[in-house]
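Chains, contacts and geometry: an overview
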Amino acid sequence: MEKEPIPAPTAGARALRLGDVAPVFQARSTMGDVRLDQFRGRWLIFFSHPADFTPVCSSEFVALARAAPQFEAIGCALLGLSVDSLYSHLAWVRAIRDLFGVTVPFPIVEDPTMTIGRAYGMLDESARDSSAMRATYYIDPQGVVRALTWYPLTVGRSVEEMLRLATALQKAASGDVMTPEGWTPGADLLLPPTSDAAAALAPGATNSWFYRTCPDPSFRDPNRKDK
């Protein structure tokens, strides 16, 4: 039995924060109708851009299209959004293919009424255009927002950092380890600090109780030759 269509979410009282459940919506996209909850069970990067056919947004989408296999390799889906219509999205996707030789392999959702943008706190009720909509939401398999970034109109996002952040969030999701500054796969991880005085003052304890590292147990060096 097909799921009943759900209405677009209404505008929230505030912008989304870490730990919030991402509002579920259903909308048209360049790859058919999309429901946010269809991505449950995997990581999702949901990102907005101010408008199609703009230089900064075009540079981002070309880079994201080229990096799509890397996101797929870590089990992370990509989903774009802008206020432009579906037909504008389709024309832009074709222009990107013709100009740059890459095909955008992920859906781009239309939001002409800015309902989704407002529900996610990208815009407030008084906004008349999408000038604030260059936001990125990193959503875990349970639909919870684990990180978010905001960029101005004139500065493009780093796709390399988007991939790094998604990988770091996955690594730290269990709560057993944390990732230090600039962490990339294969680098040492951080252990949670000792949380009680007895352990901190125990014989043999050092001043490094609050900064303990450990190797990344799941990383296998691709250059290593097993004996």
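Our subject is the structure listed above.
Description of the structure in this document.

Further remarks concern a nonpolar patch on the surface. On the surface, Trp209, Phe210 and Tyr211 cluster together into a nonpolar patch covering about 350 Å² of accessible area. Along the chain, the position of Trp209 falls in the loop between helix H5 (197–201) and strand S9 (212–214).

This paragraph deals with unusual backbone geometry. At Phe53, a residue that is not glycine, the phi angle is positive and equals roughly 60 degrees. Inspection of the secondary structure assignment puts Phe53 in the loop between strand S3 (43–48) and helix H1 (55–73). Phe53 gets classed as partly exposed once you look at its relative accessible area, which sits at 48%. Within the chain, Met114 stands out as a residue other than glycine whose phi angle is a positive 60 degrees. Structurally, Met114 can be placed in the loop between strand S5 (108–110) and helix H3 (115–119).

For any pair of aromatic rings, the description consists of the separation of the ring centres together with the inter-plane angle of the planes. For the coordinates displayed, the defined rule picks out 9 aromatic pairs. For the pair Phe46 and Tyr120, a centre-to-centre distance of 5.1 Å together with 70 degrees between the ring planes defines the contact as edge-to-face. Of this pair, Phe46 sits in strand S3 while Tyr120 sits in the loop between H3 and strand S6 (135–139), and the two are 74 residues apart along the sequence. By relative accessible area, Phe46 is classed as buried at 0%.

What follows concerns the side chain of Ser58. Assignment of secondary structure puts Ser58 in helix H1. Relative accessible area serves as the criterion here: at 13%, Ser58 is assigned to the buried category. Not counting residues up to four positions away in its chain, the partners in contact with Ser58 are Phe53 and Trp92.

This paragraph deals with empty space enclosed by the protein. Taken as a whole and judged by the stated rule, the model has 1 cavity of 30 Å³ or more. Taken as a whole, the largest cavity encloses approximately 50 Å³ of empty space. If you trace the largest cavity, you find it lined by Ala22, Leu36, Phe39, Arg40, Arg42, Leu44, Ile139, Asp140, Pro141 and Gly143. When its residues are assigned to classes, the lining of the largest cavity shows 6 nonpolar, 1 polar and 3 charged.

What counts and what doesn't
- Residues numbered from 1 in each chain as written.
- Predicted model: local features only at pLDDT ≥ 70, side-chain atom pairs only at ≥ 80, totals over all residues.
- Heavy atoms only, no water.
- Patch = residues over 30% accessible without salt bridge, like charges linked within 9 Å, V, L, I, M, F, W, Y side chains within 5 Å.
- Areas by Shrake-Rupley, 256 points an atom, 1.4 Å probe, with all protein chains shown as cover.
- Salt bridge = Lys/Arg side-chain N within 4 Å of Asp/Glu carboxyl O.
- Helix = DSSP H or I, 4+ residues; strand = E, 2+ residues; numbered from the N terminus.
- Buried < 20%, exposed > 50% of the residue type's maximum accessible area, 1.4 Å probe, protein only.
- Phe/Tyr/Trp six-rings, centres within 6.5 Å; stacked < 30°, edge-to-face > 60°.
- Contact = heavy atoms within 4.5 Å.
- 1 Å grid on protein atoms, 1.4 Å probe; cavity = no way out; pocket = protein on both sides within 12 Å on 5 of 7 lines; lining within 4 Å.
- Points joined across faces, edges and corners; volume = space filled by probe spheres on them.
- Nonpolar A, V, L, I, M, F, W, Y, C, P; charged D, E, K, R; others polar.

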